[in-house]
Each structure stands twice: as structure tokens, then as C-alpha cells.
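Listed below, chain by chain, are the residues.
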Amino acid sequence: MPAEADRLRRTPLQEIFWTRTSLLLTVLVVVAGFSLWISSMMDPGAGKTLLTSLGTGTLISAVVGFGQTLITATASQRAMVTPVIEESRRALEALSAEYRSLNKEFFPTHVFEATTDPDPLFNRVMTEDLDVARHYFFRGFSGRHAAARLLLSRTERELRVVIADPRDEGAIGGRARYLLRSEEAGVDYETIRSRLNDEISIGLVGLFLARSRCSLVDITVVADPPLDRLEVFDESVWVTLYSDIRGATTLYPRTLRFSEGSFLYNKERSEFLRVSQSRSGRHFRISTTTTRADFLALYEKITGSPLSEENFLELEGKFHSFRKEFTTLAELNP
């Protein structure tokens with residue numbers, strides 16, 4: 001049966017015309033009409049009376065049969081078709097709910113492809129997540145971007161960061177090799193390594209300056225941080241894929257955002273808390289009462305190198321230059 005016919009078979013009246021009953025009703029109507037037409041042309045007598053009675057009776061049978069068929073079709077539809085439709089609708093709703101649950105559980109809400117420049121939409125959505133978060137967990141290389149975002153915010157939150165240990169060569173090697181693939185041929189490994197050490201120092205100074213936006217800054221320094229950057233908010237988790245070789249030639253790798261309640265959110269949040277509380281890492285804290293002298297001593301414990309007042313001011317200037325450049329490129333208004 002063609003699709004158009006399936007579309008039309010929706011009411012009892014339409015159903016009649018797609019069954020064998022329609023053929024019987026048609027035959028009765030034709031016989032009744034033909035009998036009455038013949039009898040109208042005959043002279044009065046037994047023959048005319050017989051044909052008139054035959055036509056009238058056949059027409060009445062057709063009308064009664066049509067009514068019975070219509071009632072039967074209505075009852076049949078209510079007894080058989082309607083329950084099937086309702087059951088199918090419930091099954092589709094349950095299937096749709098399951099698919100929505102799977103999408104939320106395993107699929108990202110946003111996918112930001114690798115770029116050579118900061119993506120304004122990426123930074124705008126992340127800033128929205130940060131603004132409503134009471135906790136901000138960051139696992140990355142230096143924490144510069146985390147500090148810059150915090151200084152743009154006007155609300156207080158708890159900050160926990162896991163960064164690379166500047167005293168361990170292996171902690172810097174993975175990021176250095178990634179950046180080396182996106183640089184020109186004339187740039188060597190030592191140049192990249194020196195730049196990364198500088199970024200860690202700038203990031204530490206930035207975290208110290210961002211303490212006014214935080215109730216607590218908890219810093220964990222690990223020797224073997226994962227290559228991918230992780231940022232966890234109250235309602236989402238962001239994974240920046242430095243391990244994705246498809247984006248190895250771009251400065252800003254592919255990033256995925258997963259919502260709260262998803263498998264990735266629960267997994268990454270639990271893993272972050274495990275690492276930030278692990279005894280294998282070195283732990284430090286900065287609070288709003290931490291003075292500059294306290295930070296200078298803390299900096300030496302983290303990096304193994306002393307930091308003079310002059311060098312602190314130099315790093316502070318570099319951080320503010322980075323923050324302004326980042327804010328402009330990312331189109332983030334303070």
C-alpha cells in the first residue's frame with residue numbers, strides 16, 4: 001500500500017474505504033440504484049413492484065451495513081489501534097529519554113576545535129561557568145590562564161590547582177615537545193624549555209595576585225602531570241586535548257566541555273581530588289593574608305630558586321602584560 005494511503009487511514013470513515021466491506025457496500029448501492037432506475041421506467045404492475053422492493057431493500061441494507069461498519073471500525077480502532085499508538089508513543093518517549101541520558105553521560109555539550117588564536121566563544125562560555133562556580137579546579141602547566149580569569153571575576157571562590165614541578169625535567173618535557181611541533185624550524189628545545197620555566201614563574205606570581213578573588217588557593221606540584229589540561233567548575237568540566245596529535249600544529253588545542261552529572265565530569269573531578277590530596281605531590285597554600293615576603297619564601301620552596309624583590313616586580317609586570325593581551329585576544333571585558 002502506498003505511503004499516501006497509510007497517511008489517509010486514520011479515521012473509521014476512511015478505514016471503510018480500504019477494506020473489502022467497501023466493495024460489498026458499493027455493489028449494494030449500484031444494485032439498488034439500478035433496480036430503482038429500471039422500475040421508474042416500467043408500467044405499474046408486479047414487475048415494477050418487485051424491482052422497487054428490491055431496490056429499496058438493497059438501499060436500506062447498504063445504509064444499515066454502512067452504519068454497522070462505521071460502528072465496528074470505531075470500536076476496532078479504540079480496542080486495537082489506539083492502544084498500539086499509545087504504547088508506541090510511550091516506547092518512543094522512553095527511548096528518547098534514554099538517548100538524552102546517554103548524550104549527557106558520554107557526549108560533550110560543546111566541542112571547540114583547535115585554533116591558532118583564542119576563540120572568543122570558548123572563553124565566553126568558560127567565563128559564564130566560572131561566574132556561577134564556588135569551586136574552581138585547575139590542572140595544567142603553569143596556571144597563568146586560571147589566574148587571569150580569576151582577576152576578571154568579582155566573586156570569591158575556592159581555587160585548587162595542580163601544576164608541573166619546575167624542579168623536574170620530565171614535568172616540562174611533554175609540554176615542550178608539544179610546543180616544539182608548532183614552532184618554526186629554527187626554534188630549539190632549550191628555548192622552549194626556558195620559556196616554559198618562565199611561564200611557571202609568571203603563573204605562580206599570578207596565583208598570588210589572584211588570592212583576593214579566592215577564599216583559598218591550594219597548589220599541588222607534581223612531577224608527572226597529564227598532558228591534557230583540565231578545568232572543573234560546579235556545573236561543567238573542560239578538557240583541553242594537548243595529547244590530540246591532530247591539533248599538534250596549533251597553539252590552542254581541541255577542547256571538550258562536559259556537563260555536571262556526566263561520566264567524564266564525575267571521573268575527572270574524583271581524579272583531580274585524588275591527585276590534589278595525594279601524599280606523592282607537594283602541597284602549598286596561599287590565602288588573602290599571605291604577604292609578599294611569605295610568597296617569596298613559598299616561591300623558593302616550589303621552584304628551588306630564590307626570588308628577589310626586583311625579580312618579583314619583573315614577573316608581576318610580565319603577568320599583567322599577559323593578562324591584558326589574553327583579555328584582548330579572547331574578547332573578555334574586565
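Below or above, wherever it landed, is the structure these notes cover. These numbers were taken from a predicted model, which means no experiment stands behind them. (Residues numbered from 1 in each chain as written. Predicted model: local features only at pLDDT ≥ 70, side-chain atom pairs only at ≥ 80, totals over all residues. Heavy atoms only, no water.)

Some points on the environment of His135
Rules: Strands here are runs of E lasting at least two residues and helices are runs of H or I lasting at least four, both read from the DSSP assignment and numbered beginning at the N terminus. Contact definition: two residues touch when any of their heavy atoms are within 4.5 Å.
The topology assignment puts His135 in strand 2 (residues 135–139). For His135 and Glu156, which are 21 residues apart along the polypeptide, the C-alpha to C-alpha distance reads 9.1 Å. Contact partners of His135, with chain neighbours within four places excluded, come to Arg157, Glu158, Val232, Phe233 and Asp234.

Side note on the packing of aromatic side chains
Threshold: For Phe, Tyr and Trp, rings pair up if their centres lie within 6.5 Å, where Trp contributes its six-membered ring, and each pair is then called stacked (planes under 30 degrees apart), edge-to-face (over 60) or tilted (otherwise). Throughout, exposure labels follow a simple rule: accessible area from a 1.4 Å probe, protein chains only, divided by the maximum for the residue type, with under 20% read as buried, over 50% as exposed, and the rest as partly exposed. Comment: the charge-over-ring label is applied if NZ (Lys) or CZ (Arg) is within 6 Å of the ring centre and within 35 degrees of the ring normal.
Taken as a whole and judged by the stated rule, the model has ten aromatic pairs. Between Phe137 and Phe272, the ring centres sit 5.0 Å apart and the planes meet at 5 degrees, which makes this aromatic pair stacked. Here Phe272 lies in helix 9 (residues 263–276) and Phe137 lies in strand 2, a separation of 135 residues in the sequence. Phe272 matches Phe137 in its accessibility class, with the two residues each being buried. Aromatic ring contacts, followed pair by pair, group Phe208, Phe295, Tyr299 and Phe312 into a single cluster. The aromatic ring of Phe322 is capped on one face by Arg144, whose charged end is 4.2 Å from the ring centroid. Cation over ring: Arg211 sits above Phe208, and NZ or CZ is 4.0 Å from the ring centre.

A word on the pattern of salt bridges
Side chains that carry opposite charge are capable of pairing whenever their charged atoms lie near each other. Heads up, the rule is: Whenever Lys or Arg places a side-chain nitrogen within 4 Å of a carboxyl oxygen from Asp or Glu, that contact is recorded as a salt bridge.
Overall, the coordinates contain 15 salt bridges when judged by the stated rule. The partner of Arg167 in a salt bridge is Asp165, with the nearest N and O atoms 3.9 Å apart. The closest approach of N and O atoms between Glu268 and Lys267, which form a salt bridge, is 3.8 Å. The exposure class assigned to Lys267 is partly exposed, which follows from its relative accessible area of 42%. Linked through salt bridges whose partners overlap, the residues forming this network are Glu158, Arg160, Asp218 and Arg285.

Points about the sheet that holds strand 3 (residues 157–164)
We apply this condition: Strand pairing is assigned whenever DSSP detects at least two bridges linking the two strands. Under this scheme, a helix contributes an axis fitted over its contacting stretch, all axes are lines through C-alpha atoms, and angles between N-to-C directions fall in the 0 to 180 degree range.
The mixed open sheet is built from eight strands, whose spatial order is 1-7-6-5-2-3-4-8. Either end of the sheet is taken by a strand with one partner, and the two such strands are strand 1 (110–112) and strand 8 (282–286). With strand direction ignored, the average angle separating the axes of adjacent strands in the sheet is 15 degrees. Direction of pairing for strand 2 relative to strand 5 (residues 229–232): antiparallel, over a ladder of three bridges. From the neighbouring strand, Phe138 faces strand 5, where its bridge partner is Glu231.

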